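One-letter residues, chain by chain:
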Amino acid sequence: MGKKRLENHLKQVVLNIKYEYEDGRISALELLNAIINKLPLPLLEEYTQLIFLPLVLQLVNDDSKTCRERAGECITLLLSRLSTQVLQSLHEYAERWSDSRSDKKLQRTSVQLFGLFVEARSDFMKKNGRIEKLLSVISRGLYDEIGDVDQTDVLIAEHNWEMVYYCLQTIEKIGSNTQSVLWKDIDLWVMIIRCLAHSHPWVQLIASRSIYSHFSSCKVEHFENIQNNAASMLIRIPGSLFEIARNLCFELNSEDHRQSDEIIEMAIKNLSWVIKIMDKHPNLCYKSKDMLDVSGEVDDEDENNDDNPNDHAKNPVTWLMTRLSNIAKKPGSVRREAIFKCFAAFATFCDAEIIGNHLELMMEPLQRVINETEAREESMAFTNKFTNNANQSEISVELPSEVLNLLEEKCGTELFIKTLAKIKSKAREKREERKHRIAVEAVQDPEAAAKRKLAKHQKEKNRKKRRIEERKISRGVLTKKPRHIVN
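Just so we're clear, the structure is a prediction, and the values are computed from it rather than from any experiment.

Peer 1: Which residues make up the overall build of the chain, and what values do they have?
Peer 2: Counting secondary structure elements, the chain contains 23 helices and zero strands. Within the chain, the proportion of its 487 residues that are buried is 45%. Long-range contacts, defined as pairs at least 24 residues apart, comprise 69% of the intrachain contacts of the chain with a sequence gap of at least 6. A total of about 26,400 Å² of accessible surface is found on the chain, and carbon and sulfur atoms cover 50% of it.

Peer 1: Now, about helix 22 (residues 413–444): what can you tell me, with residues and values included?
Peer 2: Over its 32 residues, helix 22 extends 46 Å from the first C-alpha to the last, a length consistent with the 46 Å expected when each residue adds 1.5 Å. Of the residues making up helix 22, those classed as buried are Phe-416, Thr-419, Leu-420 and Ile-423.

Peer 1: For the side chain of Gln-259, give the residues involved together with the corresponding values.
Peer 2: Secondary-structure assignment places Gln-259 in the loop between helix 15 (240–252) and helix 16 (261–280). At 3.2 Å, the side chain of Gln-259 and the backbone oxygen of Ser-254 are in polar contact. Those residues within four positions of Gln-259 in sequence are excluded, and the remaining contacts are Glu-251, Leu-252, Asn-253, Ser-254, Ile-264, Val-334 and Arg-335.

Peer 1: Could you give an account of the confidence of the model for the chain, with specific residues and numbers?
Peer 2: Predicted confidence across the chain gives a mean pLDDT of 82, with 83% of residues reaching 70 or more. Here residues 384–395 is modelled with pLDDT under 50, and outside its nearest four sequence neighbours on either side it reaches ten contacts, counting other chains as well.

Peer 1: So, the environment of Leu-284: which residues are in play, and what are the values?
Peer 2: Mapped onto the fold, Leu-284 is located in the loop between helix 16 and helix 17 (316–328). Taking the C-alpha atoms as reference points, Leu-284 and Phe-242, separated by 42 residues in sequence, lie 7.7 Å from one another.

Peer 1: Let's hear about the pattern of salt bridges: which residues, and what values?
Peer 2: One pass over the structure, following the stated rule, counts 18 salt bridges. The residue Arg-336 makes a salt bridge to Glu-372 at a minimum N-O spacing of 3.0 Å. Within this pair, whereas Arg-336 is found in helix 18 (residues 333–349), its partner Glu-372 is found in helix 20 (residues 359–383), the two being separated by 36 residues in sequence. According to the relative accessible area criterion, Arg-336 is buried, its value standing at 14%. Taking the relative accessible area as the measure of exposure, Glu-372 reaches 35% and is therefore partly exposed. Linked through salt bridges whose partners overlap, the residues forming this network are Glu-360, Lys-422 and Lys-426.

Peer 1: Quick one: what's the story with the environment of Glu-243, residue by residue and with numbers?
Peer 2: If you trace the backbone, Glu-243 turns up in helix 15. Note: C-alpha distance between Glu-243 and Leu-196 (47 residues apart in sequence) is 9.4 Å. A polar side-chain atom of Glu-243 sits 2.9 Å from a polar atom in the side chain of Arg-246.

Calculation rules
Residues numbered from 1 in each chain as written. Predicted model: local features only at pLDDT ≥ 70, side-chain atom pairs only at ≥ 80, totals over all residues. Heavy atoms only, no water. Helix = DSSP H or I, 4+ residues; strand = E, 2+ residues; numbered from the N terminus. Buried < 20%, exposed > 50% of the residue type's maximum accessible area, 1.4 Å probe, protein only. Contact = heavy atoms within 4.5 Å. Areas by Shrake-Rupley, 256 points an atom, 1.4 Å probe, with all protein chains shown as cover. Expected span 1.5 Å × (residues − 1). Polar contact = N/O pair within 3.5 Å; in protein donor to acceptor, adjacent residues only side chain to side chain. pLDDT = per-residue confidence, 0-100. Salt bridge = Lys/Arg side-chain N within 4 Å of Asp/Glu carboxyl O.

Structure, rendered in C-alpha coordinates:
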(Lines give C-alpha, C1' and ligand atoms only; values in the text may rest on other atoms or scores of the structure.)
Protein backbone atom coordinates (compact mmCIF):
# COMPACT_ATOMS: atom_id res chain seq x y z
CA MET A 1 0.00 0.00 0.00
CA GLY A 2 1.40 3.41 -0.96
CA LYS A 3 2.08 6.12 1.60
CA LYS A 4 -0.67 8.42 0.36
CA ARG A 5 -3.23 5.64 0.34
CA LEU A 6 -2.24 4.52 3.85
CA GLU A 7 -2.56 8.07 5.15
CA ASN A 8 -6.04 8.40 3.60
CA HIS A 9 -7.13 5.12 5.19
CA LEU A 10 -5.85 6.25 8.62
CA LYS A 11 -7.59 9.60 8.28
CA GLN A 12 -10.86 7.84 7.48
CA VAL A 13 -10.54 5.53 10.50
CA VAL A 14 -9.71 8.48 12.78
CA LEU A 15 -12.64 10.42 11.36
CA ASN A 16 -14.98 7.51 12.14
CA ILE A 17 -14.24 7.68 15.88
CA LYS A 18 -16.46 10.80 15.84
CA TYR A 19 -19.34 8.90 14.25
CA GLU A 20 -22.83 9.98 15.27
CA TYR A 21 -23.88 6.66 16.81
CA GLU A 22 -22.14 4.96 19.73
CA ASP A 23 -21.86 1.52 18.10
CA GLY A 24 -20.11 3.06 15.11
CA ARG A 25 -17.63 4.91 17.32
CA ILE A 26 -16.89 1.74 19.29
CA SER A 27 -16.21 -0.19 16.08
CA ALA A 28 -13.91 2.57 14.80
CA LEU A 29 -11.99 2.67 18.09
CA GLU A 30 -11.58 -1.11 18.10
CA LEU A 31 -10.26 -0.95 14.53
CA LEU A 32 -7.88 1.85 15.49
CA ASN A 33 -6.67 -0.22 18.45
CA ALA A 34 -5.85 -3.10 16.09
CA ILE A 35 -4.03 -0.72 13.72
CA ILE A 36 -1.93 0.72 16.56
CA ASN A 37 -1.06 -2.81 17.67
CA LYS A 38 -0.15 -4.14 14.21
CA LEU A 39 1.42 -1.12 12.48
CA PRO A 40 5.23 -1.26 12.26
CA LEU A 41 6.89 1.08 14.75
CA PRO A 42 8.46 3.47 12.17
CA LEU A 43 5.08 3.98 10.49
CA LEU A 44 3.30 4.28 13.85
CA GLU A 45 5.67 7.02 14.99
CA GLU A 46 5.29 8.83 11.68
CA TYR A 47 1.50 9.01 12.08
CA THR A 48 1.44 9.48 15.85
CA GLN A 49 0.24 13.09 15.66
CA LEU A 50 -2.57 12.07 13.30
CA ILE A 51 -3.80 9.46 15.79
CA PHE A 52 -2.99 10.95 19.18
CA LEU A 53 -4.82 14.29 19.25
CA PRO A 54 -8.19 13.00 17.93
CA LEU A 55 -8.05 10.22 20.52
CA VAL A 56 -7.45 12.77 23.28
CA LEU A 57 -10.43 14.83 22.12
CA GLN A 58 -12.60 11.70 22.13
CA LEU A 59 -11.34 10.73 25.59
CA VAL A 60 -12.45 14.07 26.99
CA ASN A 61 -15.57 14.91 24.99
CA ASP A 62 -17.35 11.63 24.23
CA ASP A 63 -20.65 11.21 26.07
CA SER A 64 -20.38 7.41 26.11
CA LYS A 65 -18.45 5.80 28.96
CA THR A 66 -17.62 2.80 26.76
CA CYS A 67 -16.20 5.04 24.02
CA ARG A 68 -14.10 6.95 26.53
CA GLU A 69 -12.72 3.69 27.90
CA ARG A 70 -11.89 2.47 24.37
CA ALA A 71 -10.18 5.77 23.57
CA GLY A 72 -8.13 5.46 26.78
CA GLU A 73 -7.11 1.92 25.82
CA CYS A 74 -5.96 3.14 22.38
CA ILE A 75 -3.88 5.93 23.92
CA THR A 76 -2.35 3.55 26.47
CA LEU A 77 -1.40 1.09 23.74
CA LEU A 78 0.03 3.90 21.60
CA LEU A 79 2.16 5.24 24.47
CA SER A 80 3.44 1.75 25.33
CA ARG A 81 4.82 1.25 21.81
CA LEU A 82 6.48 4.60 21.12
CA SER A 83 10.16 5.40 21.54
CA THR A 84 11.33 7.74 24.29
CA GLN A 85 11.91 10.62 21.89
CA VAL A 86 8.38 10.57 20.44
CA LEU A 87 6.94 9.92 23.89
CA GLN A 88 8.67 13.03 25.20
CA SER A 89 7.01 15.16 22.53
CA LEU A 90 3.58 13.90 23.57
CA HIS A 91 4.42 14.40 27.23
CA GLU A 92 5.21 18.04 26.48
CA TYR A 93 1.64 18.47 25.21
CA ALA A 94 0.30 17.38 28.59
CA GLU A 95 2.76 19.64 30.41
CA ARG A 96 1.69 22.70 28.42
CA TRP A 97 -1.98 21.92 29.01
CA SER A 98 -1.39 21.53 32.74
CA ASP A 99 0.05 25.06 32.89
CA SER A 100 -3.16 26.53 31.46
CA ARG A 101 -4.57 27.85 34.73
CA SER A 102 -7.42 29.71 32.99
CA ASP A 103 -8.76 26.64 31.13
CA LYS A 104 -10.00 24.01 33.59
CA LYS A 105 -10.90 21.57 30.84
CA LEU A 106 -7.34 21.57 29.49
CA GLN A 107 -6.01 21.01 33.01
CA ARG A 108 -8.36 18.06 33.48
CA THR A 109 -7.28 16.66 30.11
CA SER A 110 -3.62 16.88 31.10
CA VAL A 111 -4.26 15.03 34.39
CA GLN A 112 -6.09 12.25 32.51
CA LEU A 113 -3.20 11.97 30.06
CA PHE A 114 -0.61 11.89 32.84
CA GLY A 115 -2.50 8.97 34.34
CA LEU A 116 -2.28 7.10 31.04
CA PHE A 117 1.44 7.89 30.83
CA VAL A 118 1.97 6.41 34.31
CA GLU A 119 -0.09 3.34 33.42
CA ALA A 120 1.59 2.72 30.04
CA ARG A 121 5.18 3.83 30.63
CA SER A 122 6.04 3.96 34.31
CA ASP A 123 9.74 3.56 33.35
CA PHE A 124 9.58 6.81 31.37
CA MET A 125 7.75 8.72 34.14
CA LYS A 126 10.22 7.66 36.83
CA LYS A 127 13.11 9.37 35.03
CA ASN A 128 14.16 13.04 35.23
CA GLY A 129 11.84 13.79 38.16
CA ARG A 130 8.67 13.52 36.05
CA ILE A 131 6.69 11.81 38.84
CA GLU A 132 7.64 14.55 41.31
CA LYS A 133 6.58 17.25 38.83
CA LEU A 134 3.34 15.41 38.21
CA LEU A 135 2.58 15.24 41.93
CA SER A 136 3.05 18.99 42.21
CA VAL A 137 0.62 19.49 39.30
CA ILE A 138 -1.93 17.22 41.00
CA SER A 139 -1.49 18.97 44.37
CA ARG A 140 -2.06 22.33 42.71
CA GLY A 141 -5.13 21.02 40.87
CA LEU A 142 -6.65 19.56 44.03
CA TYR A 143 -5.96 22.71 46.04
CA ASP A 144 -7.57 24.88 43.36
CA GLU A 145 -10.71 22.74 43.56
CA ILE A 146 -11.09 22.07 47.29
CA GLY A 147 -8.52 24.30 49.02
CA ASP A 148 -8.95 24.45 52.79
CA VAL A 149 -12.67 23.65 52.68
CA ASP A 150 -13.80 21.09 55.24
CA GLN A 151 -16.37 19.08 53.30
CA THR A 152 -18.08 17.83 56.45
CA ASP A 153 -19.24 21.41 57.03
CA VAL A 154 -19.51 22.84 53.49
CA LEU A 155 -19.93 20.46 50.58
CA ILE A 156 -18.08 21.10 47.36
CA ALA A 157 -20.38 21.80 44.44
CA GLU A 158 -21.22 18.74 42.39
CA HIS A 159 -19.95 20.28 39.14
CA ASN A 160 -16.37 20.42 40.50
CA TRP A 161 -15.98 16.68 40.93
CA GLU A 162 -14.33 15.76 37.61
CA MET A 163 -10.96 17.45 38.15
CA VAL A 164 -10.76 16.05 41.69
CA TYR A 165 -11.70 12.56 40.49
CA TYR A 166 -9.09 12.41 37.72
CA CYS A 167 -6.41 13.76 40.05
CA LEU A 168 -7.17 10.98 42.52
CA GLN A 169 -7.29 8.43 39.71
CA THR A 170 -3.78 9.45 38.61
CA ILE A 171 -2.57 9.31 42.24
CA GLU A 172 -3.91 5.76 42.48
CA LYS A 173 -1.95 4.76 39.38
CA ILE A 174 1.22 6.40 40.74
CA GLY A 175 0.75 4.54 44.02
CA SER A 176 0.57 1.18 42.27
CA ASN A 177 3.93 1.84 40.56
CA THR A 178 6.00 4.16 42.80
CA GLN A 179 4.45 4.17 46.25
CA SER A 180 7.59 5.40 48.02
CA VAL A 181 7.47 8.71 46.12
CA LEU A 182 3.81 9.15 46.98
CA TRP A 183 4.41 8.67 50.70
CA LYS A 184 6.69 11.71 50.83
CA ASP A 185 4.10 14.26 49.66
CA ILE A 186 2.35 15.30 52.87
CA ASP A 187 0.26 18.10 51.31
CA LEU A 188 -1.14 15.62 48.81
CA TRP A 189 -2.24 13.23 51.56
CA VAL A 190 -4.00 16.09 53.35
CA MET A 191 -6.04 16.65 50.17
CA ILE A 192 -6.79 12.93 49.78
CA ILE A 193 -8.10 12.76 53.36
CA ARG A 194 -10.37 15.74 52.70
CA CYS A 195 -11.70 14.04 49.57
CA LEU A 196 -13.10 11.22 51.70
CA ALA A 197 -15.93 13.59 52.61
CA HIS A 198 -16.46 14.98 49.10
CA SER A 199 -20.07 15.25 47.93
CA HIS A 200 -19.57 13.03 44.86
CA PRO A 201 -19.58 9.24 45.50
CA TRP A 202 -16.92 8.49 42.85
CA VAL A 203 -14.51 10.84 44.59
CA GLN A 204 -15.29 9.27 47.96
CA LEU A 205 -14.67 5.79 46.58
CA ILE A 206 -11.33 6.48 44.91
CA ALA A 207 -10.10 8.45 47.95
CA SER A 208 -11.05 5.48 50.16
CA ARG A 209 -9.13 3.13 47.87
CA SER A 210 -6.04 5.36 48.05
CA ILE A 211 -6.21 5.45 51.85
CA TYR A 212 -6.70 1.68 52.03
CA SER A 213 -3.74 1.14 49.70
CA HIS A 214 -1.61 3.12 52.14
CA PHE A 215 -2.95 1.13 55.09
CA SER A 216 -2.32 -2.16 53.29
CA SER A 217 1.36 -1.31 52.98
CA CYS A 218 1.56 -0.72 56.75
CA LYS A 219 1.15 -3.14 59.62
CA VAL A 220 -0.14 -2.36 63.07
CA GLU A 221 3.00 -3.92 64.59
CA HIS A 222 5.20 -1.46 62.68
CA PHE A 223 3.85 1.39 64.77
CA GLU A 224 5.22 -0.07 67.97
CA ASN A 225 8.35 2.00 67.40
CA ILE A 226 6.90 5.16 65.92
CA GLN A 227 10.22 7.01 65.72
CA ASN A 228 11.51 4.48 63.17
CA ASN A 229 8.33 4.59 61.05
CA ALA A 230 8.13 8.24 60.10
CA ALA A 231 7.30 7.36 56.48
CA SER A 232 3.58 6.86 57.11
CA MET A 233 1.41 9.93 56.69
CA LEU A 234 -0.40 8.95 59.93
CA ILE A 235 2.75 9.97 61.79
CA ARG A 236 3.85 12.85 59.61
CA ILE A 237 0.42 14.54 59.63
CA PRO A 238 -0.68 15.13 63.25
CA GLY A 239 -4.33 14.30 63.76
CA SER A 240 -4.69 12.60 60.37
CA LEU A 241 -5.98 9.35 61.91
CA PHE A 242 -8.90 11.21 63.46
CA GLU A 243 -9.60 13.11 60.22
CA ILE A 244 -9.75 9.83 58.30
CA ALA A 245 -12.10 8.24 60.86
CA ARG A 246 -14.34 11.32 60.95
CA ASN A 247 -14.61 11.52 57.15
CA LEU A 248 -15.32 7.79 56.86
CA CYS A 249 -18.13 8.23 59.39
CA PHE A 250 -19.36 11.10 57.24
CA GLU A 251 -19.55 8.68 54.28
CA LEU A 252 -21.53 6.13 56.29
CA ASN A 253 -23.83 8.88 57.58
CA SER A 254 -24.94 9.90 54.07
CA GLU A 255 -28.56 9.63 53.02
CA ASP A 256 -29.63 6.23 51.70
CA HIS A 257 -29.84 7.37 48.07
CA ARG A 258 -26.19 8.52 48.21
CA GLN A 259 -24.88 5.23 49.59
CA SER A 260 -23.33 2.49 47.47
CA ASP A 261 -22.04 -0.99 48.27
CA GLU A 262 -18.51 -0.13 47.08
CA ILE A 263 -18.22 2.97 49.29
CA ILE A 264 -19.61 1.12 52.32
CA GLU A 265 -17.24 -1.81 51.79
CA MET A 266 -14.15 0.43 51.53
CA ALA A 267 -15.23 2.51 54.54
CA ILE A 268 -15.62 -0.65 56.65
CA LYS A 269 -12.20 -1.96 55.56
CA ASN A 270 -10.54 1.33 56.46
CA LEU A 271 -12.32 1.68 59.79
CA SER A 272 -11.40 -1.90 60.74
CA TRP A 273 -7.76 -0.91 60.31
CA VAL A 274 -8.13 2.55 61.88
CA ILE A 275 -9.71 1.31 65.11
CA LYS A 276 -6.79 -1.02 65.82
CA ILE A 277 -4.28 1.82 65.41
CA MET A 278 -6.50 4.09 67.53
CA ASP A 279 -6.42 1.50 70.30
CA LYS A 280 -2.65 0.97 70.19
CA HIS A 281 -1.61 4.59 69.52
CA PRO A 282 -4.35 7.08 70.49
CA ASN A 283 -1.85 9.95 70.31
CA LEU A 284 -1.94 9.75 66.50
CA CYS A 285 -5.49 11.15 66.63
CA TYR A 286 -4.44 14.47 68.11
CA LYS A 287 -2.87 17.50 66.48
CA SER A 288 -1.52 18.73 69.80
CA LYS A 289 1.07 16.70 71.71
CA ASP A 290 -0.47 17.99 74.93
CA MET A 291 -3.54 15.78 74.39
CA LEU A 292 -1.83 12.40 74.78
CA ASP A 293 -3.58 11.61 78.07
CA VAL A 294 -7.01 10.35 77.04
CA SER A 295 -9.87 8.87 79.01
CA GLY A 296 -12.85 6.78 78.11
CA GLU A 297 -15.60 9.13 79.31
CA VAL A 298 -18.03 9.89 76.50
CA ASP A 299 -21.56 11.19 76.63
CA ASP A 300 -23.85 8.76 74.78
CA GLU A 301 -26.13 11.56 73.64
CA ASP A 302 -23.32 13.75 72.33
CA GLU A 303 -24.01 13.88 68.60
CA ASN A 304 -23.32 17.55 67.96
CA ASN A 305 -19.87 17.75 69.52
CA ASP A 306 -18.38 14.44 68.43
CA ASP A 307 -16.26 15.89 65.62
CA ASN A 308 -13.28 16.68 67.82
CA PRO A 309 -11.59 14.03 69.97
CA ASN A 310 -9.76 16.76 71.94
CA ASP A 311 -13.03 17.78 73.62
CA HIS A 312 -13.00 16.45 77.19
CA ALA A 313 -9.90 14.35 76.37
CA LYS A 314 -11.96 11.51 74.89
CA ASN A 315 -10.68 8.04 74.18
CA PRO A 316 -10.49 7.91 70.35
CA VAL A 317 -11.89 4.37 70.14
CA THR A 318 -14.79 5.31 72.40
CA TRP A 319 -15.37 8.42 70.30
CA LEU A 320 -15.50 6.31 67.12
CA MET A 321 -17.85 3.73 68.63
CA THR A 322 -20.12 6.48 69.96
CA ARG A 323 -20.18 8.17 66.55
CA LEU A 324 -21.11 4.94 64.77
CA SER A 325 -23.69 4.08 67.41
CA ASN A 326 -25.34 7.50 67.00
CA ILE A 327 -25.40 7.11 63.21
CA ALA A 328 -27.12 3.73 63.53
CA LYS A 329 -29.87 5.28 65.65
CA LYS A 330 -30.94 7.53 62.78
CA PRO A 331 -33.62 6.37 60.30
CA GLY A 332 -32.50 4.85 57.03
CA SER A 333 -32.22 1.13 56.35
CA VAL A 334 -29.09 1.37 54.18
CA ARG A 335 -27.29 3.56 56.73
CA ARG A 336 -28.13 1.21 59.59
CA GLU A 337 -27.14 -1.85 57.60
CA ALA A 338 -23.76 -0.24 56.83
CA ILE A 339 -23.07 0.42 60.52
CA PHE A 340 -24.12 -3.10 61.51
CA LYS A 341 -21.75 -4.56 58.91
CA CYS A 342 -19.04 -2.34 60.37
CA PHE A 343 -19.75 -3.72 63.86
CA ALA A 344 -19.57 -7.25 62.43
CA ALA A 345 -16.15 -6.47 60.93
CA PHE A 346 -14.96 -5.11 64.29
CA ALA A 347 -16.19 -8.27 66.03
CA THR A 348 -14.26 -10.37 63.52
CA PHE A 349 -10.93 -8.51 63.34
CA CYS A 350 -10.57 -6.57 66.62
CA ASP A 351 -9.34 -7.85 69.97
CA ALA A 352 -11.94 -9.02 72.49
CA GLU A 353 -10.85 -6.23 74.86
CA ILE A 354 -11.88 -3.51 72.38
CA ILE A 355 -15.27 -5.16 71.82
CA GLY A 356 -15.85 -5.79 75.52
CA ASN A 357 -15.10 -2.19 76.51
CA HIS A 358 -17.58 -0.83 73.95
CA LEU A 359 -20.14 -3.61 73.89
CA GLU A 360 -23.00 -1.45 75.13
CA LEU A 361 -22.43 1.18 72.41
CA MET A 362 -22.53 -1.52 69.74
CA MET A 363 -25.47 -3.49 71.13
CA GLU A 364 -27.78 -0.54 71.81
CA PRO A 365 -28.64 0.32 68.15
CA LEU A 366 -28.78 -3.38 67.26
CA GLN A 367 -31.27 -4.10 70.02
CA ARG A 368 -33.25 -0.99 69.14
CA VAL A 369 -33.76 -2.17 65.54
CA ILE A 370 -34.82 -5.62 66.75
CA ASN A 371 -37.34 -4.08 69.17
CA GLU A 372 -38.69 -1.73 66.50
CA THR A 373 -39.10 -4.62 64.05
CA GLU A 374 -40.89 -6.80 66.59
CA ALA A 375 -43.22 -3.93 67.52
CA ARG A 376 -43.96 -3.31 63.85
CA GLU A 377 -44.73 -6.99 63.27
CA GLU A 378 -47.12 -7.00 66.22
CA SER A 379 -48.81 -3.88 64.91
CA MET A 380 -49.17 -5.40 61.45
CA ALA A 381 -50.64 -8.60 62.88
CA PHE A 382 -53.05 -6.64 65.06
CA THR A 383 -54.33 -4.37 62.29
CA ASN A 384 -54.19 -7.18 59.71
CA LYS A 385 -52.39 -4.93 57.22
CA PHE A 386 -49.46 -5.43 54.87
CA THR A 387 -49.80 -9.20 55.12
CA ASN A 388 -47.77 -9.64 51.93
CA ASN A 389 -44.74 -7.94 53.48
CA ALA A 390 -44.19 -10.33 56.39
CA ASN A 391 -40.92 -11.60 54.95
CA GLN A 392 -39.56 -8.05 54.65
CA SER A 393 -39.63 -7.55 58.43
CA GLU A 394 -38.00 -10.94 58.96
CA ILE A 395 -35.11 -10.00 56.64
CA SER A 396 -34.59 -6.63 58.33
CA VAL A 397 -34.02 -8.27 61.73
CA GLU A 398 -31.72 -10.97 60.40
CA LEU A 399 -28.54 -8.85 60.14
CA PRO A 400 -28.67 -7.29 63.65
CA SER A 401 -29.36 -10.74 65.14
CA GLU A 402 -26.32 -12.19 63.37
CA VAL A 403 -24.14 -9.30 64.56
CA LEU A 404 -25.33 -9.83 68.14
CA ASN A 405 -24.33 -13.50 67.85
CA LEU A 406 -20.87 -12.46 66.66
CA LEU A 407 -20.50 -10.06 69.59
CA GLU A 408 -21.58 -12.77 72.05
CA GLU A 409 -19.00 -15.19 70.64
CA LYS A 410 -16.27 -12.53 70.84
CA CYS A 411 -16.79 -11.20 74.36
CA GLY A 412 -18.44 -14.18 76.10
CA THR A 413 -22.00 -15.01 77.12
CA GLU A 414 -21.78 -13.65 80.67
CA LEU A 415 -20.72 -10.13 79.67
CA PHE A 416 -23.15 -10.17 76.75
CA ILE A 417 -26.15 -11.04 78.96
CA LYS A 418 -25.20 -8.40 81.56
CA THR A 419 -24.87 -5.73 78.88
CA LEU A 420 -28.16 -6.74 77.25
CA ALA A 421 -29.96 -6.52 80.60
CA LYS A 422 -28.43 -3.09 81.21
CA ILE A 423 -29.56 -1.84 77.79
CA LYS A 424 -33.12 -3.09 78.34
CA SER A 425 -33.20 -1.53 81.80
CA LYS A 426 -32.03 1.83 80.44
CA ALA A 427 -34.60 1.71 77.64
CA ARG A 428 -37.36 0.92 80.12
CA GLU A 429 -36.29 3.78 82.43
CA LYS A 430 -36.20 6.24 79.52
CA ARG A 431 -39.63 5.11 78.38
CA GLU A 432 -41.14 5.55 81.87
CA GLU A 433 -39.42 8.92 82.28
CA ARG A 434 -40.77 10.10 78.93
CA LYS A 435 -44.32 8.99 79.81
CA HIS A 436 -44.11 10.80 83.15
CA ARG A 437 -42.80 13.96 81.50
CA ILE A 438 -45.63 13.93 78.94
CA ALA A 439 -48.24 13.40 81.66
CA VAL A 440 -46.89 16.30 83.72
CA GLU A 441 -46.78 18.52 80.62
CA ALA A 442 -50.43 17.72 79.82
CA VAL A 443 -51.44 19.11 83.22
CA GLN A 444 -49.04 22.05 83.49
CA ASP A 445 -48.94 23.20 79.84
CA PRO A 446 -51.92 21.90 77.81
CA GLU A 447 -51.04 24.07 74.81
CA ALA A 448 -47.54 22.58 74.51
CA ALA A 449 -49.02 19.08 74.96
CA ALA A 450 -51.45 19.71 72.10
CA LYS A 451 -48.61 20.88 69.84
CA ARG A 452 -46.65 17.77 70.76
CA LYS A 453 -49.58 15.54 69.75
CA LEU A 454 -49.95 17.31 66.41
CA ALA A 455 -46.21 16.97 65.74
CA LYS A 456 -46.35 13.28 66.69
CA HIS A 457 -49.25 12.64 64.30
CA GLN A 458 -47.43 14.44 61.50
CA LYS A 459 -44.26 12.48 62.19
CA GLU A 460 -46.23 9.20 62.10
CA LYS A 461 -47.82 10.25 58.82
CA ASN A 462 -44.42 11.01 57.29
CA ARG A 463 -43.04 7.72 58.59
CA LYS A 464 -45.81 5.71 56.97
CA LYS A 465 -45.34 7.59 53.70
CA ARG A 466 -41.60 6.91 53.78
CA ARG A 467 -42.13 3.18 54.38
CA ILE A 468 -44.58 2.95 51.51
CA GLU A 469 -42.02 4.62 49.22
CA GLU A 470 -39.28 2.25 50.44
CA ARG A 471 -41.49 -0.77 49.70
CA LYS A 472 -42.21 0.55 46.21
CA ILE A 473 -38.53 1.08 45.52
CA SER A 474 -37.65 -2.40 46.85
CA ARG A 475 -40.21 -3.91 44.45
CA GLY A 476 -38.88 -1.82 41.54
CA VAL A 477 -42.03 0.29 41.31
CA LEU A 478 -41.67 3.88 40.14
CA THR A 479 -42.42 6.41 42.85
CA LYS A 480 -43.99 8.74 40.31
CA LYS A 481 -46.02 7.59 37.35
CA PRO A 482 -44.68 8.84 34.01
CA ARG A 483 -46.85 11.41 32.35
CA HIS A 484 -47.99 10.35 28.87
CA ILE A 485 -48.59 13.08 26.36
CA VAL A 486 -51.46 12.36 24.02
CA ASN A 487 -51.18 13.98 20.62
